[in-house]
Amino acid sequence: MRSMSSSRTHDFDINEICAPFHSIVSEILVNPGDILEADQPVLRLESMKVISTYFSPSYCRVAEVFAVEGQAVVAGFLLVRFVPLSMTS
């Protein structure tokens, strides 16, 4: 079972979004199971009164969302995981 503590950090993976710095999750724009196009907005983080938007890496499905709006997260905290999808049928 995976810990959901605020101290959880994760190594870089193209199919995940991790917090790049200490911040507050200001908006989550997706839900698990959503199908996303490449570069679709996924979430917004706020730090020092600056809001940054993070985008999907490719055509993919949202596998898991690990944070909620208003949550404080530390640098490296795993926020969203994606499953890449093929463009062919």
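Rules and cut-offs
- Residues numbered from 1 in each chain as written.
- Predicted model: local features only at pLDDT ≥ 70, side-chain atom pairs only at ≥ 80, totals over all residues.
- Heavy atoms only, no water.
- Helix = DSSP H or I, 4+ residues; strand = E, 2+ residues; numbered from the N terminus.
- Pairing = 2+ DSSP bridges.
- Contact = heavy atoms within 4.5 Å.

A. View of unusual backbone geometry. Non-glycine residue Met48 carries a positive phi angle of around 55 degrees. Relative to the elements of secondary structure, Met48 occurs in the loop between strand 4 (41-47) and strand 5 (50-55).

B. Layout of the sheet that holds strand 7 (residues 72-73). Read across the open sheet, the four strands follow the order 5-4-2-7; overall the sheet is antiparallel. This sheet does not close on itself; its edge strands, each paired only once, are strand 5 and strand 7. Across four bridges, strand 2 (residues 23-28) lies against strand 4 in antiparallel orientation. Looking at the pairing, Ile24 lines up with Glu46 of strand 4.

C. Geometry of the environment of Gln40. With respect to the helices, strands and loops of the structure, Gln40 is situated in the loop between strand 3 (35-36) and strand 4. C-alpha of Gln40 to C-alpha of Val30: the two residues are ten residues apart in sequence and 9.7 Å apart in space. Those residues within four positions of Gln40 in sequence are excluded, and the remaining contacts are Ile35, Tyr54, Phe55 and Ser56.

D. Structural view of the sheet that holds strand 6 (residues 60-65). Reading across from one edge, 1-8-6-3 is the order of the four strands in this open sheet, with antiparallel pairing throughout. Looking at which strands have only one partner, the edges of the open sheet turn out to be strand 1 (16-18) and strand 3. Strand direction decides the pairing type here: strand 1 and strand 8 (residues 78-84), joined by three bridges, are antiparallel. Each residue of the ladder has a partner; that of Ile17, found in strand 8, is Val80.

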